[in-house]
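# A look at the structure
One-letter residues, chain by chain:
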Amino acid sequence: MELCIKSSATTITRSLKLTSHGKPHSIISNSNPFLQLSNIPFNSPRLWSSRQFILQPASFRGNSCCFAVPASSSSVTLGEEKDQLPADIHVTETQQPNSRVKLSVDIPPAVCEDCYKRVINEFTKQAKVPGFRPGKRVPESILISYVGKQNVQKATIESILKRTLPHAMSSVTGRALRDSVQIATKFSDMEETYSSSKSLRYDIIVDVAPEVKWIPDNGYKNLKVVVEIDSDIDAHRASQEELKRRHKSLGLLRIVVDRGLQMGDVAVLDISTTTIEKDESKVQNIPSAESKGLNFDTEDGDKVIPGFLDSIIGMKQGETKSFPLVFPESWKQENLRGVHAQFTVECKELFYRDLPALDDSLADKLYPGCTTLEQVKKTLLESCLEVEQTAKEQVTDNTILDQICKMVEVEIPQSLFEEQGRQLYGAKLLEIQANMKLSEQQLATLSSPKAVKEYLENQKDNITNLIKQNLAVGDIFKRENLQFPTETLVKEVENSIAEFKRHKQEYDEDRVKEQVQEILEGAKVLEWIREHAEIQYVTRL
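Residues numbered from 1 in each chain as written. Predicted model: local features only at pLDDT ≥ 70, side-chain atom pairs only at ≥ 80, totals over all residues. Heavy atoms only, no water.

It is worth spelling out the packing of helix H6 (residues 235-249) against helix H9 (residues 373-405) at this point. Put simply, H6 and H9 touch, their axes get as near as 8 Å, and they point 130° apart. Put simply, H6 runs oblique to H9. When the axes of H6 and H9 are compared, the crossing they make is right-handed. The segment H6 lies against H9, with Ala235, His236, Ala238, Ser239, Glu242, Leu243 and Arg246 engaging Leu373, Val376, Lys377, Leu380, Leu381, Cys384, Leu385 and Glu388. Its residues placed into classes, the contact of H6 with H9 shows nine nonpolar, two polar and four charged. (Axes fitted to C-alpha atoms, helices over the stretch in contact; angles between N-to-C directions. Helix = DSSP H or I, 4+ residues; strand = E, 2+ residues; numbered from the N terminus. Parallel < 35°, antiparallel > 145°, perpendicular 65-115°, else oblique. Left-handed = near helix turned anticlockwise from the far one by under 90°. Contact = heavy atoms within 4.5 Å. Nonpolar A, V, L, I, M, F, W, Y, C, P; charged D, E, K, R; others polar.)

What follows covers unusual backbone geometry. Trans is the common state for peptide bonds, and a negative phi is the common state for residues other than glycine. Cis rather than trans, the peptide bond between isoleucine 215 and proline 216 has omega equal to -5°. Relative to the assigned elements, proline 216 resides in the loop between strand E8 (213-214) and strand E9 (224-230). A positive phi angle is found at lysine 198, which is not glycine, with a value near 55°. In the Ramachandran plot, asparagine 481 falls in the positive-phi region, its phi being about 50° despite a non-glycine side chain.

Here serine 415 is to be found in helix H10 (residues 414-436). Measuring from C-alpha to C-alpha, the distance between serine 415 and valine 206 comes to 9.2 Å, with 209 residues separating the pair along the chain. If we skip the residues at most four places from it in the chain, serine 415 touches Leu177, Ser180 and Asp207. Reaching out from serine 415, the side chain makes a polar contact with the side chain of aspartate 207 at a distance of 2.6 Å. (Polar contact = N/O pair within 3.5 Å; in protein donor to acceptor, adjacent residues only side chain to side chain.)

Turning to the pairing of strand E5 (residues 100-107), a few remarks are in order. As a general feature of sheets, a regular strand has side chains that alternate between the two faces. Bridging between strand E4 (residues 90-96) and E5 involves seven bridges; their strand directions are antiparallel. Residue threonine 92 lies in a different strand from E5, and its bridge partner there is serine 104. In sequence, E4 turns back onto E5 through a hairpin of three residues, with asparagine 98 there showing a positive phi of about 60°. Pairing analysis gives eight bridges linking E5 to strand E7 (residues 200-207), with the strands arranged antiparallel. Looking at the pairing, serine 104 lines up with aspartate 203 of E7. (Pairing = 2+ DSSP bridges.)

Let us now look at the pattern of salt bridges. As enumerated under the stated definition, the model contains 26 salt bridges in all. Of the charged contacts in the structure, one is a salt bridge between aspartate 106 and arginine 201, with a shortest N-O distance of 3.6 Å. Within this pair, whereas aspartate 106 is found in strand E5, its partner arginine 201 is found in strand E7, the two being separated by 95 residues in sequence. Take arginine 201: its relative accessible area is 38%, and that puts it in the partly exposed class. (Salt bridge = Lys/Arg side-chain N within 4 Å of Asp/Glu carboxyl O. Buried < 20%, exposed > 50% of the residue type's maximum accessible area, 1.4 Å probe, protein only.)

We now examine the nonpolar core. Membership of the largest hydrophobic core comes to 41 residues, with the highest contact counts inside it found for Trp214, Leu223, Ile404 and Ile529. Secondary-structure elements contributing two or more residues to this core are E9, H9, H10, helix H12 (449-458), helix H13 (460-479) and helix H15 (509-532). In terms of residues, this core owes the most to one element, H13, which gives eight residues. In contact with isoleucine 404, not counting residues within four places along its chain, are Trp214, Leu223, Ala472, Val473, Ile476 and Ile529. Of all hydrophobic cores here, the second largest spans 35 residues; its members include Val101, Ile120, Val147 and Val181. (Core = buried A, V, L, I, M, F, W, Y, C linked by side-chain atoms within 4.5 Å.)

If you want it as structure tokens, here you go:
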């Protein structure tokens, strides 16, 4: 991880990032508020309540499911209070895999008859039957003949569902996940049952909040964490490199005419690379290692394949050189690790830097506001130390989260998996759109159900681990009765909404509050763990 001071503020690249005081930064990114809000790591399961329940009788799902209850497209919304029923309904709960429950609901004839009467009364009020004044009582047989027996039956079944679903869901109140409730019984089967017996039976499938099991029990309370810090997370070295970079930016590039390439120079190179094979017919180009017109700074030689810099030192403008190299096993591109390659390099242009004297006269140019070189060095070091501390805390938090993830066993509901995966994919699309400015057609292709499905399949392990981290953090927050000041929540919500307004983006205030609260809970848990865990830092060479 490189430490580099490019501005006075540290860019937030993750939705939760703690300061040295253990407080979270704003969840809104200056460049893309929605991106940060949609990718929150401490996203605890949202629970179902009767206020959120929405009946959508027209939503058919093939042969296996005829009703869904998505909170986005509604036709009938149930009230918070349960409608009084003339008789009790019978509900049988059956546990199923992946934290899912099946509720088998039996509706007695008394309830069905009461719903039927309500439907008839409603049709009487609304139907304009020829020969009868609006609102006047119409004989039931004539009304049914006018409206249609099939329509009355469908409306009755829908009325039964609307009135009985909140009662049927009582056993899972506080456990059912929002947007996961669906009726698994085909509507045609319900019609057949109602026609033959004037009663009704249907099955509800619902995901419930998963139970977190710690191995060992309460293992998070005695964590021993070994945090590996990259060797390049070094504020002193980073500040020196930053001073050097700023000094170089003030210099002039002049053409080299009488010598070859040496350290400190900048060369414009054309590079081509092929694999080395005994069978020449198998030799192939390595496009990812090729470049045309590359501005190569010799002082960045540690960032290229080992041996490359030594091989081109001494080259003159117009000269071409070919040499073999082996990509190290630590190379970032896995497909190139250990590959034997033949490099061909042409030196197109060659420059040296004409640098001004590094003294107090450059202070203000090196860091605006500074008057001496020592002041510049001190300011850069302070900035790098701040970045170093933030980086160290981030690595610590990531290590803690990885460790507690491995300590929990949990059955993850499919609805929770898909919700988290879609959030991550949505954030990824926003990032791609911001960087590449995709066309509407490209965006539509990437947003297709097929593309989303492929992403969920490819990222299954990552999504699963993230959910396990989320659930573990939420469980710790509850177990340890952790709290944070209400005023902090209010302030962060106000700041987040202000950012949305400033960027003229739409937002849901309740969802903003919910996600801000989740972030604050996550920050509190990490703060608690850091205080109680035994943390050892080691430098990764």
